[in-house]
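Each chain is listed here by its residues.
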Amino acid sequence: MKALVALILLVQLPIHKAVPAAPPAPLGCDDPESVAAAEVAVNYINGHSHHGYKFAFNRIKDIRVIPQGPNNDIIFLELDLLETVCPILSPTPLANCTVRSFAEHAVEGDCDVKLQKVDGTLSVLASKCHSHADSSEDILKVCPDCPLLARLNNTEVLGTVSAALNDYNSKTTDSYLRLLEIGRAKIQYHPVHSVVAEFAVGATNCSAEDAKANAGACQLLPEDQSNFGFCTAVMVKRPSQGLQVDCQLYGHQVPAPHIPLLSQDTSAGLVPSAVGFTNHNLGLSHNNPVASESSSSEILRSMLSAKSVTNRAVADAAQHDKVPRPVGFVPLPPPCPGKIRHFDI
């Protein structure tokens, strides 16, 4: 009889269904894990860019994490970067590179990056970036007398670079330098008409003296002897004329594996008139050679997919959340975009 009563009581006990565990809370744009991923991404971007200047981390606009298994996540980042004063070929560490000020006509980079985190180690699978200079209207509102960025194929800019390089080569006793690319330039008309140009150079296999006979035969040094540098030229045209040139050579640099010092489309060795005017643009689209990513355009499609998955995860978490909430309560999303570290464009 006691066994029968116990059986009846057991049958009457409520059956508790297992409630699936809510997914972990989404990362916020200023979480330490997010910032660490952004820093890895920026170092990768600078390491695979071959034109213009190094870019610094300014803000995380969005982050999405897709779990792949235990201790294995795919991370998608949308980043805002700002141009620094350090040329891309400079050996100066990014941490020591000053972000170019707003009044200097700042340039912003927008990047989408796909990373993988396995057992706490981050690696970049693919990245896609473009950049743009701030609008002239924004600069003139803050600094009405500040000169604006000039097109790099402007005749005054090209003339200044050509004159500056000729002047430097005529006075040096070291290697003859050739133009790699013009980085940026500005023209001021009042109160003094002047041109300021910044440009990258490379040492050739000729001395400056040898080049006087046949400069066209001088070739850039091979990679195992390479020596690149950067010059700034200031040409005053009115009321009086003058030219000042300052060049710094960096010495031989050994590139990291899979990262050539200069890409194949560099303007190395071309005369100034043949140099283009797109170097303000951080035109970078790169896939890690060890990754399976077939195209950097996949980053954008994957980012949209990641947002969909994350939204479903948040909805599932809300569905299993049995804690009473006030009427009209809406859970706050993770704080994105993140804080601005320098300034907004």
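As shown above, the structure is provided for reference.
Below is a summary of the structure that appears in this document. This is a predicted model, so every value here is computed, not measured. (Residues numbered from 1 in each chain as written. Predicted model: local features only at pLDDT ≥ 70, side-chain atom pairs only at ≥ 80, totals over all residues. Heavy atoms only, no water.)

### Digging into the sheet that holds strand β5 (residues 175-188)
Overall, antiparallel pairing links the 4 strands, which are arranged β5-β6-β7-β8 in an open sheet. Two strands in the sheet have a free side with no partner beyond their single neighbour: β5 and β8 (242-251). This sheet shows a mean twist of 20 degrees between the axes of neighbouring strands, independent of strand direction. Pairing analysis gives 10 bridges linking strand β6 (residues 193-207) to strand β7 (residues 228-238), with the strands arranged antiparallel. Directly across from Ser194, in β7, lies its bridge partner Val236. (Pairing = 2+ DSSP bridges. Helix = DSSP H or I, 4+ residues; strand = E, 2+ residues; numbered from the N terminus. Axes fitted to C-alpha atoms, helices over the stretch in contact; angles between N-to-C directions.)

### Quick look at helix α2 (residues 32-47)
With 16 residues, α2 should cover 22 Å at 1.5 Å per step; its first-to-last C-alpha distance of 23 Å lies within 8% of that length. Taken as a whole, α2 has its buried residues at Ser34, Val35, Ala37, Ala38, Ala41, Val42, Tyr44, Ile45 and Asn46. (Expected span 1.5 Å × (residues − 1). Buried < 20%, exposed > 50% of the residue type's maximum accessible area, 1.4 Å probe, protein only.)

### Describing the packing of aromatic side chains
Inspection of the entire model under this criterion finds 2 aromatic pairs. With a centroid separation of 5.8 Å and an interplanar angle of 75 degrees, the aromatic rings of Tyr53 and Phe230 are classed as edge-to-face. Here Phe230 lies in strand β7 and Tyr53 lies in strand β1 (residues 53-69), a separation of 177 residues in the sequence. Like Tyr53, the residue Phe230 is buried in the burial classification. Centre to centre, the rings of Phe102 and Phe343 are 5.9 Å apart; their planes meet at 90 degrees, and the pair counts as edge-to-face. Within this pair, whereas Phe102 is found in the loop between β2 (72-87) and β3 (107-118), its partner Phe343 is found in the segment after α6 (297-320), the two being separated by 241 residues in sequence. When the ring centre of Tyr53 is taken as origin, the NZ or CZ atom of Arg100, which lies over that ring, is 4.8 Å away. (Phe/Tyr/Trp six-rings, centres within 6.5 Å; stacked < 30°, edge-to-face > 60°. Lys NZ or Arg CZ within 6 Å of the ring centre and 35° of its normal.)

Function cannot be inferred from these measures alone, as they are strictly geometric.
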